[in-house]
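Coordinate analysis (summary)
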Amino acid sequence: MNQNNTADVLNFGETGKPKLPSGLNVLTILTFVGCAIQLLSALWGFISAKKSYDGIDKLREQMNSESMPGWVKSMMGDPANFEQTVIKSYENRIPILLLSLVAVALCFVGAMQMRKRKKQGYLLYVIGELIPFVTMAFFIGFFALSGFTFIFSLVIAVVFILLYTMQKKHLVN
């Protein structure tokens, strides 16, 4: 009986093709999960923009009330900036949605290309990661590029770009 290890079994018997390195495999799977989350987030942002815009007075009251803990207020940033973010997000919800969908598609296609070990996938992925930040700065303003959510998103994007950069050696034309 032929003894196969787990990696050979998971390779589905492909012969003649080099195996996908495990680091690249894990990164692309995490990218697919991230694309799904970003897609849902973009759709939710579009759907809830009107509700947030209509409830801006209530948000203003909550942010100025003493019942909200200080650490929550600090995560939300300056109340005036937060209000402007809500207003601009509503006013520009369609272009933000469209560019978010383009970004998700570029990241997804880029990851698929990298699974096929193609270098152009890396470039598509990086562009897809950067589009949301450019979109936020352009349509909402640079004040939107602050706070916990922005920093968290930026850290995740930079880490993934760096990890993919380290895996570029496995990519061919």
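Bear in mind that the values here come from a model prediction, so they are computed numbers and not experimental data. (Residues numbered from 1 in each chain as written. Predicted model: local features only at pLDDT ≥ 70, side-chain atom pairs only at ≥ 80, totals over all residues. Heavy atoms only, no water.)

Concerning the nonpolar core
Across soluble globular proteins, you tend to see nonpolar side chains buried next to one another. Of all hydrophobic cores here, the largest spans 14 residues; its most connected members are Met 114, Tyr 122, Tyr 125 and Tyr 164. Elements supplying a minimum of two residues to this core: helix H2 (22-54), helix H6 (93-115), helix H7 (120-140) and helix H8 (147-167). Ranked by residue count, the leading element in this core is H6, at four residues. Leave out the neighbours within four places in its chain, and Tyr 122 touches Met 114, Ile 161, Tyr 164, Thr 165, Lys 168 and Leu 171. (Core = buried A, V, L, I, M, F, W, Y, C linked by side-chain atoms within 4.5 Å. Buried < 20%, exposed > 50% of the residue type's maximum accessible area, 1.4 Å probe, protein only. Helix = DSSP H or I, 4+ residues; strand = E, 2+ residues; numbered from the N terminus. Contact = heavy atoms within 4.5 Å.)

Focus: unusual backbone geometry
In the Ramachandran plot, Arg 117 falls in the positive-phi region, its phi being about 65° despite a non-glycine side chain. Locating Arg 117 in the fold gives a position in the loop between H6 and H7.

Topic: the packing of aromatic side chains
Under the counting rule described, the total for this entry stands at five aromatic pairs. Their ring planes at 90° and their centres at 4.9 Å tell us that Phe 138 and Phe 139 sit as a pair that is edge-to-face. Judged by relative accessible area, which is 18%, Phe 139 ranks as buried. (Phe/Tyr/Trp six-rings, centres within 6.5 Å; stacked < 30°, edge-to-face > 60°.)

Here's the deal with the packing of H7 against H8
Interaxial distance between H7 and H8 falls to 11 Å at its minimum, and their mutual angle equals 170°. Relative to H8, the element H7 lies roughly antiparallel. Contact residues: Tyr 122, Tyr 125, Val 126, Glu 129, Leu 130 and Phe 133 in H7; Phe 150, Ser 153, Leu 154, Ala 157, Phe 160, Ile 161, Tyr 164 and Thr 165 in H8. Of the residues belonging to the contact of H7 with H8, the class tally is 11 nonpolar, two polar and one charged. (Axes fitted to C-alpha atoms, helices over the stretch in contact; angles between N-to-C directions. Parallel < 35°, antiparallel > 145°, perpendicular 65-115°, else oblique. Nonpolar A, V, L, I, M, F, W, Y, C, P; charged D, E, K, R; others polar.)

Points about the environment of Lys 51
On the secondary structure map, Lys 51 appears in helix H2. With a relative accessible area of 69%, Lys 51 lands in the exposed category. Separated by 35 residues in the primary sequence, Lys 51 and Val 86 place their C-alpha atoms 10.0 Å from one another.

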